[in-house]
Amino acid sequence: MNTPKPSMSLTKPEAFDLSIKQKISTAIGLLGLIILILAAFNVHFPYKPVVLTLSLVMISAGVILFANDLYLGKHAGIKNDGVMFKSVSSRGIWAWLTGIALTAFYIILYFKATWLGLGQNGAENTGLVALFDPLSNIISGSKASQWFVYGVLYTIAILAFGYKFLLKYRHNRYERLRTYSVMFFQLAFAFLIPEFMARLNSDSFSLPYYDLKNIWPLNYYNFEQYRVNSFIDAGDIGLALLIFGIVSIFVITPILTYKYGKRWYCSWVCGCGGLAETSGDPFRHLSDKRQFAWKIERWVVHSVVVFVVLMTTAVVHSYLGDDQTKYWLTKQTFLISVAAILTLVFVLVMVFKRAQLAKDAKYGAIGYFVIIMVLFAMHYFNGTQLFLFKTETLRQSYGFLIGSIFSGVIGTGFYPIFGNRVWCRFGCPMAAILGFQQRLFSRFRITTNGGQCISCGNCSTYCEMGIDVRAYAQKGENIVRSSCVGCGICSAVCPRGVLKLENDSLKGRIDSNEILLGNDVDLMDLVNQK
């Protein structure tokens, strides 16, 4: 009897079939998911608390048991694990089916919540949303909404797949710490604290639903009239939250980015980044590494920033009054202040940091600045409608195009096709602003040792932001990119210890002439000094 010879290939694609334990774990998780799907199709379950608990426990247990069998039997360290051969992680049929299913879920969540059973005009919930009513009553004291359902599933995904991530990268202390961090911030700050705050509300006291870790422009809605009114109506606590939101923009964010880079938020705190790092980890190698994609990224993400600045300015402008005897902050004063701040930032960057900007970045900054100033001038001198569109039109357009379609439908729904950080890379205005700060005045950089690099390409392959890390490592050049979220995976997968995440002084941080040819000696430094 002839037996097939085992492959001598290092990747061994035939060795990545699921084991018996993994198949059982997958079945357990799928059964838990099927319960939720049946509820979405209005299948009535008589004991909702028990059924919901069973479903969430089975989903979590399936992921945990699968991860245990996949990683605990192996030595610690990064392994290929067949990501290039598995259909779901190599843009195969299962990847497309998964992407379509996730996209459909997000479309229904955002635009057709009644299909999930959300009751309207005081009506009772049905279907999937009704299944979560008991849990919502326990935590917040009210019936569930589609956002509560999403919050629970989102948190379960980060916690369960976070456990899987911890096992996979258990050899790396940095990866473990930041994973614990995103799991904590999602569970506490993004889910439990806002729900507990809602439970404290009464007829005489009402706090808005507020995720404390969401900072403008990520929470672009924070300065809309209904939000500001709700903050003021909540008394001292509401006013404190409003002030905290403003201080976060102008004080907390720049200081932390200066000290640690944008990683303090994008890889340690942000819920979008948390889901991308945990649930989206198997898809990080799918990010487009071409220079063409990099150029598109820079133009698209900074266009989003301009959009959100204009939209927020228009919304706040509509909230203010014109009478200087009643208000110290009038519409005119506000517009002049915004224009002055933007002008100050533009001038400081062009005077002191222009050498660190690429040619297209300089042209882009000048172009965007001119456009914004022209729009301000048209309104200020001619009395035309602010930014040519109604405030509500701007807000709805941004909420639909960026807040819903980009961040949800495309950003998360197509992890298996475009990679796990497509939203963070191309659409997140918060990532763009933090990246701007990181590029120009942060102490963070990834140092490289070109003498140790063997050009294996692991770092570039697993960079979720599409950065060609190997090109920097081969030259021994510091990696200081505005798109880098400091996830540290490039360092974790490097077999030679070439890459190191550091916070140091600004001196010598960006120097394309610095090429390290040996392990400890920079020979080119002598040449550059002549």
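Residues numbered from 1 in each chain as written. Predicted model: local features only at pLDDT ≥ 70, side-chain atom pairs only at ≥ 80, totals over all residues. Heavy atoms only, no water.

Draft legend 1. Up close: the overall build of the protein. Within the protein, the regular secondary structure consists of 22 helices and two strands. Residues classed as buried in the protein amount to 48% of the 530 residues present. Contacts spanning at least 24 positions in sequence make up 72% of the contacts within the protein whose residues lie at least 6 apart. When the accessible surface of the protein is summed, it comes to about 26,500 Å², and 66% of that surface belongs to carbon and sulfur atoms. (Helix = DSSP H or I, 4+ residues; strand = E, 2+ residues; numbered from the N terminus. Buried < 20%, exposed > 50% of the residue type's maximum accessible area, 1.4 Å probe, protein only. Contact = heavy atoms within 4.5 Å. Areas by Shrake-Rupley, 256 points an atom, 1.4 Å probe, with all protein chains shown as cover.)

Draft legend 2. Representation of the pattern of salt bridges. Within this structure, the stated rule accounts for 13 salt bridges. K213 is paired through a salt bridge with D211; the nearest N and O atoms lie 3.3 Å apart. Accessibility classification places K213 together with D211 in one group, the buried group. Its salt-bridge partner being R284, residue E277 comes within 2.8 Å of it at the nearest N-O pair. Several salt bridges share partner residues, and in doing so they unite K168, E175, R178, E277, D281, R284, R421 and E464 into one network. (Salt bridge = Lys/Arg side-chain N within 4 Å of Asp/Glu carboxyl O.)

Draft legend 3. Molecular detail of helix α8 (residues 225–233). Listing the buried residues of α8 in full gives R227, V228, S230 and F231. Buried residues in α8, looked at end-on, bunch into an arc of 160 degrees, giving them a common side. α8 presents Y226 and D233 as exposed residues on the side facing more than 90 degrees away from its buried surface. Buried positions along α8 lie against α9 (236–260) and α12 (291–319). Two residues or fewer past α8, G235 is found with a positive phi of approximately 80 degrees. (Arc of directions from axis to C-beta.)

Draft legend 4. The arrangement of the pairing of strand β1 (residues 444–448) in detail. In terms of residue burial, β1 counts as a mostly covered element, since five of its five residues are buried. Because side chains alternate across β1, one face comprises the buried residues F444, I446 and T448, and the other comprises R445 and T447, equally buried.

Draft legend 5. Broad picture of a nonpolar patch on the surface. On the surface, L239, I243, I246, V247, F250, V251, I255, I341, V345 and F436 cluster together to form a nonpolar patch covering roughly 820 Å² of accessible area. Of the residues forming the nonpolar patch, the biggest block, seven residues, is contributed by α9. Summarising the element assignment, I255 is placed in helix α9. With relative accessibility at 47%, the residue I255 sits in the partly exposed group. (Patch = residues over 30% accessible without salt bridge, like charges linked within 9 Å, V, L, I, M, F, W, Y side chains within 5 Å.)

Draft legend 6. Spatial organisation of the confidence of the model for the protein. Predicted confidence across the protein gives a mean pLDDT of 83, with 88% of residues reaching 70 or more. Low pLDDT, under 50, characterises residues 515–521; the predicted model gives this stretch 19 contacts beyond four residues in sequence or across chains. (pLDDT = per-residue confidence, 0-100.)

Draft legend 7. Representation of helix α7 (residues 173–199) in the model. Over its 27 residues, α7 runs 37 Å from end to end, which matches the ideal 39 Å to within 8%, given 1.5 Å per residue. Its axis deflected by about 35 degrees at L192, α7 carries its strongest bend there, up to four residues before the proline P194. The backbone nitrogen of Y174 lies 3.1 Å from a side-chain oxygen of the residue at the head of α7, namely N172. (Expected span 1.5 Å × (residues − 1). Bend = angle between axes of the 7 residues up to and from the residue. Polar contact = N/O pair within 3.5 Å; in protein donor to acceptor, adjacent residues only side chain to side chain.)

Draft legend 8. Fine view of the nonpolar core. Judged by nonpolar contacts, the single largest core of 82 residues is most densely connected at Y265, I446, V469 and L499. Take this core: its biggest share by element is 11 residues, from α12. Ignoring sequence-local partners within four residues, the contact set of I446 consists of E477, N478, I479, C484, C490, L499, K500 and L501. I35, L56, V129 and L166 belong to the second largest nonpolar core, which has 36 residues in total. (Core = buried A, V, L, I, M, F, W, Y, C linked by side-chain atoms within 4.5 Å.)

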